[in-house]
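# Remarks on the overall topology
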Amino acid sequence: MEQALYVYNTLTRKKEVFRPLHAPHVGMYVCGPTVYGDAHLGHARPAITFDIIFRFLRHIGYKVRYVRNITDVGHLEHDADEGEDKIAKKARLEQLEPMEVAQYYTNRFHEAMNALNCLPPSIEPHATGHIIEQQQLVQQILDNGFAYESNGSVYFDVEKYNQKYKYGILSGRNLENVKDASRDLAGVGEKRNQADFALWKAAQPEHIMRWPSPWSSGFPGWHCECTAMGRKYLGAHFDIHGGGMDLIFPHHECEIAQAVASQGEQMVTYWLHNNMITIEGQKMGKSLGNFITLPQFFSGDHPKLDRAYSPMTIRFFILQAHYRSTVDFSNDALQAAEKGLERLLDAWKALQSITPTANGSVCINSVETLKQQCYDALYDDFNTPIVISNLFEATKTINSIVDKKETITPDALEALKETFSLFVFDLLGIKAGSAAAADGSGNDAREEAFGKVVDMLLEQRAKAKANKDWATSDMIRDNLAALGFEVKDTKDGFTWKLNK
Ligand SMILES: [Zn+2]
């Protein structure tokens, strides 16, 4: 932690030096999914962004408690205060228990996150498991005079709050804009002002997800859970709160108002937000037919997809842009990312078979420079595209060594292997697939054993060739090719990779 870490704080709109409240401990809360459908590219981005932040903070010595919630109640359609609960609607349509829907999509979400190699958070609290904490939050806000009851529902009094504190500090909106924007929404009848938002909703008779409360049998407003669970697991003041930029307003703005209205001051020091993903220049939306889920990406089963893309291709594609820039999906962009990743992993594989020379042209200093440039990029607001471009430069050097245009000293070779492994696998979180090294790095024992079988076959082929037994030699190569193995003959023998 000798080097200063800079993070962009949405609240102050500038890059600031990261100073945790209780170093070496860091508290980080990230808004998780509403579990009523499969995760899509829009879920992959925050998951990967905060996975990088989690990995890097841990790597530089912090003990991070990473909390990411599961929203399984209270998130109404159109992110509004009226309308059906997203989980309850799905349950009604599919004739399932709401918890069955939530559990099913939570499991599917975990599978997708695992495939993307996102480390699991330290705590993953569910909104339905924290109804009491949310009721306590609502009661505190009522006691402090910043909320009111109306027909069994409780609303946050934005106007009253704005008289004492300022509403809109995170999004930069003022109350007048908010009022104008929310004028057309339904449910104004119960509210004193259009800008007020629900803390507790009285359930309609047909509503199945409901809990008893001092105000009515009902359910918490969507924004309550993150304030209540963040405080429960990270304390009244913690370091990082993250999520997608689409959550800045209203969700995070309302969270700030709830925290201040209940405890008199803010909870969070640094607000971090990842930018959005567009699909061929358009916003992703179910009505536009460009809504592609992660399982569809992995299987290729969507009209917009030319073919399947591996989870690591998706991960690498997302990391090629800085988390605060927009990313535009297209088949071409994904295929370019796939090629780039392959180039990097091929270089890693080649690195394993390089023989160093005592007075090589590539020495330890140039590797140290590469390593420092990669570190500098991550210390500068987690700039993964700069890390990747540095690794591509290193890839060129590795290829020149393979082509015997350059040579490398033994200590530089060791340092280069370490640097590559640290940034590619540990910090960017790339999992080496079958195209990568057969030395066990990121590969499981099964893959390694299969790789050895291929080597064995190719050694048989080399023997057949030496004996001028062309029929056997061709048969081995053709059969391997039919299975997707690309075999190349080189001066020193052969190389192979699996194109799948
Ligand atoms: Zn949230």
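Residues numbered from 1 in each chain as written. Predicted model: local features only at pLDDT ≥ 70, side-chain atom pairs only at ≥ 80, totals over all residues.

### With respect to the environment of A198
Note the cut-off: Secondary structure counts use DSSP, requiring at least four H or I residues in a row for a helix and at least two E residues in a row for a strand, with both numbered from the N terminus. Three exposure classes are used, based on other C-beta atoms lying within 10 Å of a residue's own C-beta, which is placed from the backbone: buried for 20 or more, exposed for 12 or fewer, and partly exposed in between. Any two residues are considered in contact once their C-beta atoms, placed from the backbone, lie within 7 Å.
Looking at where A198 falls in the secondary structure, it is placed in strand β7 (residues 197-202). On the basis of neighbour counts, which here come to 29 C-beta atoms within 10 Å, the residue A198 falls in the buried class. Once the C-alpha coordinates of A198 and D157 are considered, the two residues, 41 residues apart in sequence, prove to be 9.4 Å apart. Other than its neighbours up to four places away in sequence, A198 contacts D81, S153, Y155 and G221.

### Observations concerning the packing of helix α4 (residues 131-143) against helix α7 (residues 224-234)
We apply this condition: To get an axis, fit a line to the C-alpha atoms, keeping to the stretch in contact for a helix; angles then go from 0 to 180 degrees between the N-to-C directions. Here the angle decides the label: under 35 degrees means roughly parallel, over 145 means roughly antiparallel, 65 to 115 means roughly perpendicular, and every other value means oblique. Only Asp, Glu, Lys and Arg are considered charged in this grouping, and only Ala, Val, Leu, Ile, Met, Phe, Trp, Tyr, Cys and Pro are considered nonpolar; every other residue, Gly among them, is considered polar.
Close contact between α4 and α7 brings their axes to 9 Å; oriented N to C, the two are set at 105 degrees. One element, α4, and the other, α7, form an angle in the roughly perpendicular class. Contacts between α4 and α7 pair E133, Q134, L137 and V138 from the former with C224, E225, T227, A228, M229 and K232 from the latter. Here the residues of the contact of α4 with α7 are counted per class, giving 5 nonpolar, 2 polar and 3 charged.

### Description of the packing of α4 against helix α8 (residues 248-263)
The axes of two packed helices give the description: the angle between them and the distance between them. The following threshold applies: By definition, any crossing whose near helix is turned counterclockwise from its far helix by less than a right angle is left-handed, and any crossing with a clockwise turn is right-handed.
At a minimum axis separation of 8 Å, α4 and α8 run at an interaxial angle of 65 degrees. Relative to α8, the crossing made by α4 is left-handed. In this structure, α4 contributes L137, Q140 and I141 to the contact, and α8 contributes Q258, A261 and S262. Residues belonging to the contact of α4 with α8 are distributed by class as follows: 3 nonpolar, 3 polar and no charged.

### A word on the domain arrangement of the chain
The criterion, for reference: For the domains described, the bounds stem from an automatic or database domain assignment.
What the domain assignment reports for the chain is domain 1 (6-274), domain 2 (282-427) and domain 3 (445-498). Residue-level contacts link 23 residues of domain 1 with 23 residues of domain 2. Residue assignment for the side of domain 1 that touches domain 2 shows that the elements contributing at least two residues are β1 (6-9), α1 (41-59) and α3 (98-115). Examining the composition of the side of domain 1 that touches domain 2, we find that 11 residues originate from one element, α1, more than from any other. Residues belonging to the side of domain 1 that touches domain 2 are distributed by class as follows: 13 nonpolar, 6 polar and 4 charged.

### Structural notes on the sheet that holds strand β11 (residues 277-279)
So the rule is basically this: Between any two strands, at least two bridges found by DSSP are needed for them to pair.
With mixed pairing, the 3 strands of this open sheet are ordered in space as β12-β11-β13. In the strand order of this sheet, the two ends are held by β12 (282-283) and β13 (327-329), each with one partner. Pairing of β11 with β12 involves 2 bridges; the strand directions are antiparallel. Looking across to β12, one finds that T278 is bridged to K283.

### With respect to the pairing of β1
For β1 and strand β2 (residues 14-17), the ladder comprises 4 bridges, and the chain directions are antiparallel. Paired with N9 across the bridge in β2 is K14.

### A closer look at α8
Our working rule: Helix span, expected: 1.5 Å multiplied by one less than the number of residues in the helix.
When the terminal C-alpha atoms of α8 are compared, their 21 Å separation across 16 residues agrees well with the 22 Å that a helix rising 1.5 Å per residue should span. By the criterion of burial, α8 is predominantly enclosed, with 12 of the 16 residues buried. Listed in full, the buried residues belonging to α8 are P250, H252, E253, C254, E255, I256, A257, Q258, A259, V260, A261 and S262. Positioned one or two residues after α8, G264 has a phi angle of 85 degrees, which is positive.

### Thoughts on the nonpolar core
Test applied: The nonpolar core is taken to be a set of buried Ala, Val, Leu, Ile, Met, Phe, Trp, Tyr and Cys residues joined by way of C-beta atoms within 7 Å.
By size, the foremost hydrophobic cluster in this structure holds 127 residues, and its most contacted members are A44, V138, I141, A147, F156 and L199. Taken domain by domain, the makeup of this core includes at least three residues from each of domain 1 (6-274) and domain 2 (282-427). Once you skip the residues sitting within four places of it in the chain, L199 turns out to touch V138, I141, A147, V154, Y155, F156, G221 and C224.

### Quick notes on the sheet that holds strand β10 (residues 268-274)
Spatial ordering of the open sheet is given by β4-β3-β9-β10, a layout of 4 strands whose pairing is parallel. Looking at strand neighbours, the two that pair on one side only are β4 (63-68) and β10, the edges of this open sheet. Sheet twist, expressed as the average angle between the axes of neighbouring strands with direction ignored, equals 20 degrees. Alignment of strand β3 (residues 25-30) against β4, held across 6 bridges, turns out to be parallel. Across the sheet, residue Y29 finds its bridge partner in β4, namely V67. Helix-sheet contacts for α7 involve β3, β4 and β9 (238-244), and the interaxial angle to β4 is about 155 degrees.

### Re the environment of R231
By the element assignment, R231 lies in helix α7. Classification of R231 as buried rests on a count of 21 C-beta atoms within 10 Å. Along the sequence, R231 and M267 sit 36 residues apart, while their C-alpha atoms lie 7.8 Å from each other. Among residues more than four places away in sequence, those in contact with R231 are A236 and M267.

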